[in-house]
Amino acid sequence: MKKLALLSLLMVPAILLASGGDAESTRYFAQTGRETDFWPRVFNFIIFASVLYYLIANPIKNFFVGRKEGIAGQLREIEDKLQAAKDEKKEAQIRLDESGKKAEQIIADSKKEATLLAQKISEANESELVLMEKQVAEKMTLEERRSAREAIDEIYFHCGPAPAKMPHAQRLNKHLTNDDIMIDEAKVVDIISKKVA
């Protein structure tokens, strides 16, 4: 505010001096003995320009320096943000590549695991089938023995000796089990044909 007041005080006389008319110029010539006031006006202008420069130069200079620093700061900030964005992009690309590799590894592991599980299930099914075949074979053997035993008992009781010898046959049946009689089909047919004949 002080600078503005000082500036206005300096400008008013300069304006008044610059607006001199013809009447005043003759008066000036009479007082000073010179025809023109060119050199005093140049001197006044130099003083005015010096004072004006003294008052305005530093604020203008500071304004432009501040503006320059502000623009440079904004450029640095933009460059920093740009570099940060580039770094984030690189990190994201690295994470994307790692995720792709992990996905491929997971797929490969899941295929291996599925193959192993299928192999285990297949082996379990095969062992279960073998066990079931053994059980069926054992049941068939037991059924064959039981059938042979029943056929022998039936033939013996229907076509066998007189009832007087029955208690002896019953005692014999008590001591004999299915495991004691090893008869195949040929022997059963042979025994039955001998009894019938």
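None of these values were measured; they are calculated from a predicted model. (Residues numbered from 1 in each chain as written. Predicted model: local features only at pLDDT ≥ 70, side-chain atom pairs only at ≥ 80, totals over all residues. Heavy atoms only, no water.)

## Topic: the pattern of salt bridges
Thinking step 1. Per the counting criterion, the structure on display carries 3 salt bridges.
Thinking step 2. Of the charged contacts, one joins Arg146 and Glu143 as a salt bridge, the two residues approaching to 2.7 Å between their closest N and O atoms. With Arg146 and Glu143 both in helix H3 (residues 38–159), this residue pair falls 3 residues apart, about one helical turn.
Thinking step 3. Given the relative accessible area of 36%, Arg146 is considered partly exposed.
Thinking step 4. Between Glu150 and Arg146 there is a salt bridge, and its shortest N-O distance comes to 2.6 Å. Pair noted here: Glu150 and Arg146 are both in helix H3, with a separation of 4 residues, about one helical turn.
Thinking step 5. Judged by its relative accessible area of 43%, Glu150 falls in the partly exposed class.
Thinking step 6. One salt-bridge network, in which partners are shared between bridges, spans Glu143, Arg146 and Glu150. (Salt bridge = Lys/Arg side-chain N within 4 Å of Asp/Glu carboxyl O. Helix = DSSP H or I, 4+ residues; strand = E, 2+ residues; numbered from the N terminus. Buried < 20%, exposed > 50% of the residue type's maximum accessible area, 1.4 Å probe, protein only.)

## Considering the packing of aromatic side chains
The geometry of an aromatic ring pair is captured by the separation of the ring centres together with the interplanar angle, meaning the angle of the planes.
Thinking step 1. Summed over all chains, the structure comprises 1 aromatic pair.
Thinking step 2. Pairing Phe63 with Phe64 gives two aromatic rings, centres 5.3 Å apart and planes at 70°, and the pair type is edge-to-face.
Thinking step 3. Note on Phe63: relative accessible area 53%, which makes it exposed. (Phe/Tyr/Trp six-rings, centres within 6.5 Å; stacked < 30°, edge-to-face > 60°.)

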